[in-house]
Amino acid sequence: MDAGRRRRGPGVLPGFVVVIAAVAGVSYTAWILEFLFSPNIDVVDGYVSELSARDQPYHLVFSAGDFITGVLTIGVALAALLMLRRRPWAVIGWTSLLLFGVWAIGDSLFSMDCAPSIDTTCALRERAERVSFSHQFHSVTSSLVIFFGIAAVLALSIAARRYGWWPVLAHWGWLLALTQTVVTLGTLVLMYLGVWLGLAQRLQISVLCLGLLVIAWALNVDRLRYRQACDAAASTKPAREKAGSSPR
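Keep in mind it's a predicted model, so treat the numbers as computed, not measured.

### Topic: the packing of aromatic side chains
Going through the model one piece at a time under the given rule, you end up with 10 aromatic pairs. With 5.0 Å between their ring centres and 70 degrees between their planes, Phe-110 and Phe-137 make a pair best called edge-to-face. Remark: Phe-137 occurs in helix α7 (residues 133–163) and Phe-110 occurs in the loop between α5 (88–109) and α6 (120–127); sequence separation between them is 27 residues. Phe-110 sits in the partly exposed class, given a relative accessible area of 28%. A connected cluster of aromatic rings, assembled from ring pairs, spans Trp-94, Tyr-163, Trp-165 and Trp-166. Over the ring of Tyr-163 we find Arg-87, and its NZ or CZ is 4.2 Å from the ring centre.

This is the structure:
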């Protein structure tokens, strides 16, 4: 029965990998600490990236959140690629999650110089392109984080539906990917209008956090079901052996 289940399903990851996936989702919510450490950043119009700008007093706290998330998601993705069954959409999903982690680390390493929403001099330097490469490149890393985050959840939800795996992802993954896509398109419109960018970006990150937590939830549910199947098989084995050894 164990072998048959492994052939049909994706396989299971160790419990500590599931915990790591959940911690990655939680650590990506570090921006919530802005209400405690960086109350001057405008929640409505200020970018979340400004929290980790090098001139901000607690920038290392917010950079650490991105870095930890990146490292942990890379670990989860590598474990999934090495230990779970490889089917095309699943490989695309886990690879996208790995790249999400890579660019999340990039977000933490290529931080902004300053916070333009609260610093007029910084805003003028930014418009004149007199900021560092790190400041300019941060927009690239942030965009790629969003792109690969959407791609990971969408591809894994497609894999879940197509292969009959991870019911939680099959049910919720596509909805989260769709929501993230709509929010991202809305952010582009708001960027053109120059309003509410802070709210839009915080919503983007919140949906990404939910995506990471749903992935952890799906892996945990699959793991628990596999353990229940193993326990059920183990409990019925003595009865079958006893019936098989009874005199005819």
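Past the structure itself, the notes keep going.
### A closer look at the state of the cysteines
By definition, a disulfide links the sulfur atoms of two cysteine residues through a covalent bond. In this structure the tally under the stated criterion is one disulfide. In this model, Cys-114 is linked to Cys-122 through a disulfide, with the two sulfur atoms separated by 2.0 Å. Taking the sign of the S-S torsion, about 80 degrees here, the bridge from Cys-114 to Cys-122 comes out right-handed. Residue Cys-122 is classed as buried on the basis of its relative accessible area of 0%.

### Regarding the nonpolar core
Among the nonpolar cores identified, the biggest contains 51 residues, and Tyr-28, Trp-94, Leu-97, Phe-100, Trp-166, Leu-169 and Leu-219 are the most heavily contacted of them. It is helix α9 (residues 197–245) that contributes the most residues to this core, 11 residues altogether. The residues contacting Trp-166, other than those within four sequence positions of it, are Pro-10, Leu-84, Ala-90, Trp-94, Leu-156, Ala-159, Ala-160, Ala-218, Leu-219 and Asp-222.

Rules used in this analysis
- Within each chain, residue numbers correspond to sequence positions counted from 1 in written order.
- Local features in this predicted model are restricted to residues whose pLDDT is 70 or higher, and side-chain atom pairs enter the listing and the counts only when it is 80 or higher, whereas totals over whole chains, interfaces and linings include all residues.
- Remark: hydrogens and water are excluded; side-chain values derive from all non-hydrogen atoms of the structure.
- Centres within 6.5 Å are what make two rings of Phe, Tyr or Trp a pair, Trp counting through its six-membered ring; a difference in plane orientation under 30 degrees is then read as stacked, over 60 as edge-to-face, and the rest as tilted.
- Each helix is a run of H or I in the DSSP string that is no shorter than four residues. Each strand is a run of E no shorter than two, and both are numbered from the N terminus.
- Burial status follows relative accessibility: with a 1.4 Å probe on protein chains alone, a residue under 20% of its type maximum counts as buried, one over 50% as exposed, and anything between as partly exposed.
- Two conditions define a charge sitting above a ring: the NZ of Lys or the CZ of Arg must be within 6 Å of the ring centre, and it must be within 35 degrees of the ring normal.
- For this text, the term disulfide refers to a pair of cysteine sulfurs within 2.5 Å.
- We define a nonpolar core as any set of buried Ala, Val, Leu, Ile, Met, Phe, Trp, Tyr and Cys residues linked to one another through side-chain atoms lying within 4.5 Å.
- Residue contacts are counted whenever heavy atoms from the two residues lie within 4.5 Å of one another.

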